[in-house]
Amino acid sequence: MAAPGAVLVMGVSGSGKSTVGALLASELGWKFYDADDYHPEENLQKMGKGIPLSDQDRIPWLCTLHDILQREVASGQHVVLACSALKKVYRDILIQGKDGAPLKRDESGKEEKTAE
């Protein structure tokens, strides 16, 4: 059985997902991404003021993370992503992108996005 291209470590704020994710990536020799590092400035300002993010705030951020995962996996890189992604719709965007096109493996065994 082949290793997955990406592993998502998720949990609520303060649960240790970044610590666990970084340790897991280090142990596996995979690349690590912390989703919080990719929030746009507007989200950071809201969070700094204690304002919860809406789905509309999160969707562009999740799409950016999807694009990062897609690029890395397509290049053959295995990655661990620490991200809250507590709603199923958030995980769906991370895996499939906003347009929902499924991933498939090309002849070399790498994943690629299919056009539908």
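This structure is a prediction, so every number in the text was calculated from the model and none was measured.

Considerations on the environment of Ser 26
Moving on, step 1. Mapped onto the fold, Ser 26 is located in helix 1 (residues 17-28).
Moving on, step 2. The exposure class of Ser 26 is exposed, given its relative accessible area of 58%.

Side note on the environment of Tyr 90
Moving on, step 1. In this fold, Tyr 90 is placed in helix 4 (residues 88-96).
Moving on, step 2. With relative accessibility at 7%, the residue Tyr 90 sits in the buried group.
Moving on, step 3. As for Tyr 90 and Ile 59, which are separated by 31 residues in sequence, their C-alpha atoms are 7.7 Å apart.
Moving on, step 4. Once you skip the residues sitting within four places of it in the chain, Tyr 90 turns out to touch Asp 55, Arg 58, Leu 62 and Ala 85.
Moving on, step 5. Of note is the side chain of Tyr 90, whose polar atom sits 3.5 Å from the side chain of Arg 58.

Observations regarding the pairing of strand 3 (residues 79-82)
Remember that side chains alternate between the two faces of the sheet whenever the strand is regular.
Moving on, step 1. Where burial is concerned, the two faces of strand 3 agree: the one with Val 79 and Leu 81 and the one with Val 80 and Ala 82 are both buried.
Moving on, step 2. Relative to strand 3, strand 1 (residues 6-9) runs parallel, the two sharing four bridges. Across the sheet, the residue bridging to Val 9 is Ala 82, located in strand 3.
Moving on, step 3. Across four bridges, the pairing between strand 2 (residues 31-34) and strand 3 is parallel. Within strand 3, the position partnered with Tyr 33 by the bridge is Leu 81.

Basis of the calculations
- Residues numbered from 1 in each chain as written.
- Predicted model: local features only at pLDDT ≥ 70, side-chain atom pairs only at ≥ 80, totals over all residues.
- Heavy atoms only, no water.
- Helix = DSSP H or I, 4+ residues; strand = E, 2+ residues; numbered from the N terminus.
- Buried < 20%, exposed > 50% of the residue type's maximum accessible area, 1.4 Å probe, protein only.
- Contact = heavy atoms within 4.5 Å.
- Polar contact = N/O pair within 3.5 Å; in protein donor to acceptor, adjacent residues only side chain to side chain.
- Pairing = 2+ DSSP bridges.

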